[in-house]
Amino acid sequence: MRNFWVSVLTLTAVVSNSLAQRPNKPSSTEIHHNLQKLNFLGTALYIAAHPDDENTRLISYLSNHDKARTAYLSITRGDGGQNLIGSELRELLGVLRTQELLAARRVDGGEQWFTRANDFGYSKHPNETLRIWDKEKVLGDVVWAIRNLKPDVIVNRFDHRTPGSTHGHHTSSAMLSVEAFDLANNPNAYPQQLQLTDTWQPKRVFFNTSWWFYGSRENFEKADKSKMIKMDVGVYYPELGLSNNEIASMASSQHLCQGFGRVTTRGSQDEYVELLKGDLPSGSNLFDGIDTSWSRIKGGKAIGDILYEVENNFDFTNPSTHIPELVKAYQLLQNVEDAHWKNFKSEELRSIILDCAGLYLEANAASASTTLNGDVKINIEALNRSAQSITLKEIKLADTDSKLSPNKVLGNNSKENIELEFTVPQSTSNSGPYWLSNAGSLGMYTVDNQNMIGKPETPSAFFAEFILNFNGVDIAFKKPVIHRYSKPDKGELYEPFVVLPEATSSIVEKVLIFSDSKAKDVLVNVKAGKNNVSGEVTLKHPAGWSISPKRIPFTIEQKGQEQSVIFKVTPPVEDSEGKISPIVHIDSKTHNKELIEIAYDHIPKQSILLPSEAKVVRMNIQKSGEHIGYIMGAGDKVPESLEQIGYQVHAIDPKDIQTGSLDKYDAIVVGIRAYNVVEDLKFKQPVLFDYVSNGGNMIVQYNTAGRWSKQFENIAPHSLTLSRDRVTDETAKVSIVANDHSLVNFPNTINESDFDGWVQERGLYFPKEWSPEFTPILSMGDEGESETEGSLLVAPYGDGHYIYTGLSFFRELPAGVSGAYKLFANMLSIGKSEVKSESNVKG
């Protein structure tokens, strides 16, 4: 597991701490804080486009100050972003960022929702965004969220009135919100949803404005604020021992893969919202004029009378004294006709009853995974840490036949351990992110089950239901089955309990480049999901390619072990592209999934099942040079890609860079965002430039403009100014403006067709100004915009060459884009003679 520990406060209001699946253990002051939230019947919905777009200050304020049920609807899962802490990109990055959002909500007290929209990358205008997203479907998902959450107020992070001025996803999120505000109460809009939910009309929708949207603080001071509400989001919560903006900083810091780790802040801090639709509150509370008491619902007053009394006279030294009143309120709540508030408040009230009694309920599986028809042992732990009379009547596992009726009185602080066994039903689905179960499109994920749309993650595979009796009143409590264990260097750990196939397979190299017609050995790893698995592996392949042997048997004794098999893959003589896919045959069943695990300390471990496949490319490619030094930045798979075309790539630790230590390399490549994330580089610039001056070749991939220390103000040996310029359309026309330059002629001839088949974008953060020493090689631009020539710049320096490129090689090479390989090979070969370098690297 990677070492990205995040220390997170343990608030009851924040549900749990950062370790995966760890149960919440609130103090009495935190229980009281939750009781205050139980007694507030109001909902706020915050809407933006991506993970990390949300304003955690306002979400925390609405949740912890106003005590409202507060949800964040992120239109996408952030699949198109970059990753500062690992190599996950695209759908795997979406899984990681989903979990970081859930971690943030555990801190600030909010809930997390999504639509089916796929973050396809940067978009310059909402017209493009909504076309690729399929506006009607995404709009329907926003309407669905409103109808289910039933918010009184909606707050948009972005301004719907300024299309084209910022990221198209940002503006689109606000446009969808404003439109959905009017549609959610219209029975003629998305009528099929009304079989599962009801129409709803929010009272108000706001825009979360600030000076930033006005260009300067001075402009904002002059702005008309007659429709604005100001809130001090720096308020202090004595019960929690934290200021609101401290909580917000800690929530934002969960977005580690986006580099959002930050110090906490305290003190008064103003936040503004501008009314867009609905009536303007008379004061600074967004819920002014809205009944948020228990009297809001029929039959609620009697419940409120009990719960307000508990809140006002709360016994902080012995919260269990309130259990009889809480149970009575729970009984009354079950008779409420309003299903929406009954269901939500029942869940909150059950949690408070558990906490007041110090009840610990756990269903711990003996291992972290199982398979269909697998036998599972569960250790049940039940502990009542109060003097209240509580009886454990029944334990049953949902969707199984397993049930026990211990009917035991849980004595004060006397732990009960019970073993439960069950067999996983054949009808059980494999675990994994539900939105990745079916093939989607560039802009949309495919989710067939309407009830799953909006959910942040797939529910746990199994739940244990505990039926407890409180002086004659039965209450059911659900707990997910988890796996709890320990490691000497980590302590106690929790993992989700997952259902996996009996075997999975993976091809180690996801892109295989064949530069000639010679066969290559392809390694396939088969992993057992249970003990004693045996069968055969075949390799599905495109026409024109040949595989030998046709079938390879395997036998694996222990669950979790892997066995490798090797196929010989022979390409056709002519250029060809396709996919190869391993198929595992066990008895009469076949399995074609790869198991990918994402494990960081700040999120629960994720098990993802994706189609097991690799791209194969037969292309004629030439190269010069042999040994490449690679300085890793934020994380990419460029080194593995270069090895595919015959280079030997050597990882370089910047700490080890000394004068003369780089001379053995034919080229030095600096990974994406290295100058943003690798502090040691600031001391090594003179050595790197000396390497170039002495005849070396240095290639620097994109960095984010301005996000580095002053030592990096000039990352090139000549003047070079980065910008936020980018070309987001991966099909945008590319023109070669330096036709005679070696970069487009040696050792491979590059033409415009080599820019076909690129993915997500052309590139990003192109330089906007450069000194005359640089030669621009390419020109490109998005539709309706002026073309830019900053995507690929090369300059001589001494006897060597310096290249800066914002082209998205970190996406194109792992995707097997042949033209990108040829161009990168030319970049590595610049300055070389046509005789292949025979230099050797020692040590």
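Residues numbered from 1 in each chain as written. Predicted model: local features only at pLDDT ≥ 70, side-chain atom pairs only at ≥ 80, totals over all residues. Heavy atoms only, no water.

### Some remarks on the overall build of the chain
So, point 1. Tallying secondary structure elements over the chain gives 16 helices and 43 strands in all.
So, point 2. Taken along its principal axes, the extent of the C-alpha atoms in the chain is 90 × 75 × 55 Å.
So, point 3. In the chain, buried positions account for 58% of the 843 residues.
So, point 4. Excluding contacts between residues fewer than 6 apart, the proportion of contacts in the chain whose partners are at least 24 apart in sequence is 74%.
So, point 5. Charged side chains in the chain number 86 positive and 105 negative. The centres of these two groups are separated by 3 Å. (Helix = DSSP H or I, 4+ residues; strand = E, 2+ residues; numbered from the N terminus. Buried < 20%, exposed > 50% of the residue type's maximum accessible area, 1.4 Å probe, protein only. Contact = heavy atoms within 4.5 Å. Lys, Arg positive; Asp, Glu negative; His and termini not counted. Charge placed at Lys NZ, Arg CZ, Asp CG, Glu CD.)

### Some details on the nonpolar core
So, point 1. Ranked by size, the top nonpolar core spans 76 residues in total, and within it Leu-778 and Phe-824 carry the most contacts.
So, point 2. Tallying contributions element by element places helix H16 (residues 818-829) first for this core, with seven residues.
So, point 3. Not counting the four nearest positions on each side in its chain, Phe-824 is found in contact with Val-638, Leu-642, Val-669, Ile-699, Gln-701, Phe-809 and Leu-813.
So, point 4. Counting residues in hydrophobic clusters, the runner-up holds 54 residues, among them Ile-31, Tyr-330, Phe-344 and Phe-422. (Core = buried A, V, L, I, M, F, W, Y, C linked by side-chain atoms within 4.5 Å.)

### Here we look at the sheet that holds strand S27 (residues 562-570)
So, point 1. Pairing is antiparallel in the open sheet, where four strands are placed in the order S21-S23-S27-S25. Among the strands making up the open sheet, the edge pair consists of strand S21 (503-507) and strand S25 (546-548). Strand-to-strand twist across the sheet, computed as the mean angle between neighbouring axes with direction ignored, equals 30 degrees.
So, point 2. Summarising the sheet, S25 and S27 pair through three bridges and their orientation is antiparallel. The residue of S27 that forms the bridge with Ile-547 is Val-569. (Pairing = 2+ DSSP bridges. Axes fitted to C-alpha atoms, helices over the stretch in contact; angles between N-to-C directions.)

### Focus on the packing of helix H2 (residues 56-65) against helix H8 (residues 244-252)
So, point 1. The N-to-C vectors of H2 and H8 enclose an angle of 125 degrees; their axes lie 8 Å apart at closest approach. When the axis of H2 is compared with that of H8, the two are oblique. For the element pair H2 and H8, the recorded crossing hand is right-handed. Judged by residue contacts, Thr-56, Arg-57, Ser-60, Tyr-61 and Asn-64 of H2 engage Asn-244, Ile-247, Ala-248, Ala-251 and Ser-252 from H8. (Parallel < 35°, antiparallel > 145°, perpendicular 65-115°, else oblique. Left-handed = near helix turned anticlockwise from the far one by under 90°.)

### Remarks on the side chain of His-627
So, point 1. Relative to the elements of secondary structure, His-627 occurs in strand S33 (residues 627-631).
So, point 2. At a separation of 3.0 Å, a polar atom in the side chain of His-627 contacts the side chain of His-650. (Polar contact = N/O pair within 3.5 Å; in protein donor to acceptor, adjacent residues only side chain to side chain.)

### Looking at the packing of helix H1 (residues 28-38) against helix H9 (residues 300-312)
So, point 1. Axis separation between H1 and H9 bottoms out at 10 Å; the angle between their running directions is 150 degrees. Classed by the angle they form, the pair H1 and H9 counts as roughly antiparallel. Note that H1 runs across H9; the crossing there is left-handed. On H9, the residues touching His-32, Leu-35, Gln-36 and Leu-38 of H1 are Leu-307, Val-310 and Glu-311.
So, point 2. In terms of residue class, the contact of H1 with H9 is made up of four nonpolar, two polar and one charged. (Nonpolar A, V, L, I, M, F, W, Y, C, P; charged D, E, K, R; others polar.)

### Side note on empty space enclosed by the protein
In this approach, a probe sized like a water molecule rolls over the atoms, and the result shows the empty space that is left.
So, point 1. Taken as a whole and judged by the stated rule, the model has two cavities of 30 Å³ or more.
So, point 2. Counted as a void, the second largest cavity has a volume near 30 Å³.
So, point 3. What lines the second largest cavity is simply Arg-77, Phe-114, Thr-115, Arg-116, Tyr-434, Trp-435, Tyr-445, Val-447 and Gly-454.
So, point 4. Its residues assigned to classes, the lining of the second largest cavity shows five nonpolar, two polar and two charged. (1 Å grid on protein atoms, 1.4 Å probe; cavity = no way out; pocket = protein on both sides within 12 Å on 5 of 7 lines; lining within 4 Å. Points joined across faces, edges and corners; volume = space filled by probe spheres on them.)

### Focus: the pairing of strand S2 (residues 69-74)
So, point 1. Of all six residues that make up S2, six are buried, and the element is covered over most of its length.
So, point 2. Here S2 shows no split at all, with Arg-69, Ala-71 and Leu-73 on one side and Thr-70, Tyr-72 and Ser-74 on the other all buried.
So, point 3. Of the strand pairs in this sheet, strand S1 (residues 43-48) and S2 are connected by six bridges, and their pairing is parallel. Counterpart to Ala-44 in the pairing with S2 is Thr-70.
So, point 4. Taken together, S1, H2 and S2 constitute a β-α-β crossover, and its handedness is right-handed.
So, point 5. The sheet contact formed by S2 and strand S3 (residues 111-114) spans four bridges and is parallel. Directly across from Ala-71, in S3, lies its bridge partner Glu-111.
So, point 6. Once you follow S2 into helix H3 (residues 90-108) and on to S3, the crossover reads as right-handed. (Right-handed = clockwise from strand over helix to strand, strands pointing away.)

### Focus: H8
So, point 1. Of all the nine residues making up H8, nine are buried; the element is thus mostly covered by neighbouring parts of the structure.
So, point 2. Buried residues belonging to H8 abut H2, H3, strand S7 (236-237) and strand S8 (242-243).

### Section: the pairing of strand S18 (residues 473-487)
So, point 1. Of the strand pairs in this sheet, strand S10 (residues 360-365) and S18 are connected by two bridges, and their pairing is parallel. Bridging across to S18, Ala-363 finds its partner in Val-481.
So, point 2. Across eight bridges, strand S17 (residues 463-470) lies against S18 in antiparallel orientation. Looking at the pairing, Asn-469 lines up with Asp-474 of S18.
So, point 3. In sequence, S17 turns back onto S18 through a hairpin of two residues, with Asn-471 there showing a positive phi of about 50 degrees.
So, point 4. Two elements, S18 and strand S19 (residues 491-496), share six bridges in a ladder whose sense is antiparallel.

### Regarding the pattern of salt bridges
So, point 1. Per the stated rule, a full pass over the model turns up 44 salt bridges.
So, point 2. In this structure, Asp-152 and Arg-296 form a salt bridge, with 2.5 Å as the shortest nitrogen-oxygen distance. Residue Asp-152 is found in the loop between helix H5 (135-149) and strand S4 (153-156), and its partner Arg-296 is found in the loop between strand S9 (270-278) and H9; the two are separated by 144 residues along the sequence.
So, point 3. Overall, Asp-152 belongs to the buried group, its relative accessible area being 0%.
So, point 4. The residue Lys-298 makes a salt bridge to Glu-337 at a minimum N-O spacing of 3.6 Å. You can see Lys-298 sitting in the loop between S9 and H9 and its partner Glu-337 sitting in the loop between helix H10 (323-333) and helix H11 (339-357), a full 39 residues away along the chain. Comparing Lys-298 with Glu-337 shows no difference in burial state: the two are exposed. (Salt bridge = Lys/Arg side-chain N within 4 Å of Asp/Glu carboxyl O.)

### Digging into H11
So, point 1. Here H11 is 19 residues long and its end C-alpha atoms lie 27 Å apart, about the 27 Å a rise of 1.5 Å per residue gives.
So, point 2. By the burial criterion, the buried members of H11 are His-340, Trp-341, Phe-344, Lys-345, Ser-346, Leu-349, Ile-352, Ile-353, Leu-354, Asp-355, Cys-356 and Ala-357.
So, point 3. By the N-cap criterion, in which a side-chain oxygen at the helix start approaches the backbone nitrogen of a residue two or three places on, H11 is capped by Asp-338, the distance to His-340 being 3.1 Å.
So, point 4. Residue Gly-358 follows H11 closely and has a positive phi angle near 65 degrees. (Expected span 1.5 Å × (residues − 1).)

### Regarding the packing of aromatic side chains
So, point 1. Overall, the coordinates contain 21 aromatic pairs when judged by the stated rule.
So, point 2. With 5.9 Å between their ring centres and 10 degrees between their planes, Tyr-702 and Tyr-765 make a pair best called stacked. With a gap of 63 residues between them, Tyr-702 in the loop between strand S36 (697-700) and strand S37 (720-727) and Tyr-765 in strand S39 (residues 763-770) connect regions that are remote in the sequence.
So, point 3. A residue is classified by how much of its surface remains accessible, and Tyr-702, at 0% relative accessible area, is buried.
So, point 4. Taking the relative accessible area as the measure of exposure, Tyr-765 reaches 7% and is therefore buried.
So, point 5. Pairing Phe-774 with Tyr-802 gives two aromatic rings, centres 6.1 Å apart and planes at 75 degrees, and the pair type is edge-to-face. On the criterion of sequence distance, the pair formed by Phe-774 in the loop between S39 and strand S40 (775-776) and Tyr-802 in strand S43 (residues 800-805) is long-range, its members being 28 residues apart. (Phe/Tyr/Trp six-rings, centres within 6.5 Å; stacked < 30°, edge-to-face > 60°.)

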